[in-house]
Amino acid sequence: MTDPLADLVAAGVSIWLDDLSRERLTSGSLRDLVAHQHVSGVTTNPSIFAKAIGAGQAYEAQLADLAARGADIGEALREMTTWDVRAACDVLRPVYDATDGVDGRVSIEVDARLANDAAGMIAEARSLWWSVDRPNLFIKIPATPAGLPAITACLAEGISVNVTLIFSLTRYEQVMHAWLDGIQRAQAAGLPLARLDSVASFFVSRVDTEADRRLDAQGTHEARALRGRVAVANARLAYARFEEVTSTPRWAALAAAGARAQRPLWASTSTKDPAYPDTKYVAELVAAGTVNTMPEATLRAIADHGVIGSDAIAGTRDDARLVLDELAAAGVDYDDVVATLEREGVAAFDKAWSDLAAQLRTRLQATARTSADG
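This section reports on the structure supplied with the text. Please read these numbers as outputs of a predicted model, since none were measured by experiment. (Residues numbered from 1 in each chain as written. Predicted model: local features only at pLDDT ≥ 70, side-chain atom pairs only at ≥ 80, totals over all residues. Heavy atoms only, no water.)

For the rest of this paragraph, the subject is the packing of helix H6 (residues 73–98) against helix H7 (residues 118–132). The geometry of a pair of packed helices is captured by two quantities: the angle between their axes and the separation between those axes. In the contact formed by H6 and H7, the axes pass within 9 Å of each other and the chain directions differ by 55 degrees. In terms of axis orientation, H6 runs oblique to H7. Crossing hand, H6 versus H7: right-handed. Contacts between H6 and H7 pair Arg78, Thr82, Val85, Arg86 and Cys89 from the former with Glu124, Ser127, Leu128, Ser131 and Val132 from the latter. (Axes fitted to C-alpha atoms, helices over the stretch in contact; angles between N-to-C directions. Helix = DSSP H or I, 4+ residues; strand = E, 2+ residues; numbered from the N terminus. Parallel < 35°, antiparallel > 145°, perpendicular 65-115°, else oblique. Left-handed = near helix turned anticlockwise from the far one by under 90°. Contact = heavy atoms within 4.5 Å.)

Here the focus is helix H3 (residues 29–36). Regarding H3, the residues found buried are Leu30, Leu33 and Val34. The arc that holds every buried residue of H3, seen down its axis, measures 100 degrees, which confines them to one face. What points out from H3, more than 90 degrees from its buried face, is the exposed set Arg31, Ala35 and His36. Following H3 by one or two positions, histidine 38 has its phi on the positive side, about 65 degrees. (Buried < 20%, exposed > 50% of the residue type's maximum accessible area, 1.4 Å probe, protein only. Arc of directions from axis to C-beta.)

This part is about the side chain of aspartate 111. Position of aspartate 111 relative to the elements: it lies in the loop between strand E3 (105–109) and H7. Accessibility expressed as a relative area gives 12% for aspartate 111, which makes it buried. If sequence neighbours within four positions are ignored, aspartate 111 has contacts with Glu124 and Trp353.

Counted under the stated rule, the structure contains 31 salt bridges. The shortest N-O distance in the salt bridge between glutamate 124 and arginine 78 comes to 2.7 Å. Of this pair, glutamate 124 sits in helix H7 while arginine 78 sits in helix H6, and the two are 46 residues apart along the sequence. What makes glutamate 124 buried here is its relative accessible area of 15%. A relative accessible area of 21% places arginine 78 in the partly exposed class. In this structure, aspartate 212 engages arginine 227 in a salt bridge whose closest nitrogen and oxygen atoms are separated by 3.8 Å. Linking aspartate 212 in helix H10 (residues 205–218) with arginine 227 in the loop between helix H11 (221–224) and helix H12 (230–245), this pair joins segments that are 15 residues apart in sequence. (Salt bridge = Lys/Arg side-chain N within 4 Å of Asp/Glu carboxyl O.)

Pasting the structure below:
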């Protein structure tokens, strides 16, 4: 019997689950995935919480308590999401301890409405770090222009950070320099570096969705030949940038002081186009020292029929660069593709959070009325 998930781990890839809910926690589903499916971390985002809390019956008891004491929407959202993340941190704590803090991490995102407010994100990160109060927590900060100084400031205070919504190579370089600045400031402040960690979440499949749409509009044979190739090429070039940054004397000095590299994390790895293999954004991005966070459906697809090699990125830099050159020659503006994705990503998380708040307000009001009638 083959075990493609074990092959993925053997190749140096950490498998994280891109999902969390109260039901997953109380049913033992998460614990089972950790024990039997090689899951070693969890990522969340506003859309995941909107789906979980919006439909989940396991939240009813907490909703009743929140309604009984007249909690406002902000407080209710904070308490419900941090409860789930704190519990997930406890499930993953043995992994964190066994890997000396490399894995076993759980991520929670700052309020999506603060994506363009550096001071607000820093304050939110501090509050979440205090509220969850677990060493294996990651605070997710979006890679917006305002997010860059927030990344540095949080790391400088000893707060581990998952940088999210990275689409462009230029932004990724800025993220890595923000990370290095934060680690250097933490070192100057005398903070221990060994457990101060960070990952950079580089989004993959959404790049193909947007690029393919524009290539289809071009309608040429050359454009059609590029469908489904841009996202992987973009991620492989990002990995090359990571290798460059972690080969500098600046990084070598920090590593010698005990710092850990900011691992590339491949996010948005479920296949959006049914014409593509459902394992595409996992199998084609295998490289040691990376993380792949995936929804359970993708995890199951890999377990069922994934074919995992030892390294899918080494030696691909020139070919990946050629894909982006061909994209430009086909009339598609790469810079506009990734800028659009960043803008739409921030807006989508903002909307998910706002929709969740509206839905939660309705449920709290209904719970309060039921209690009053009872």
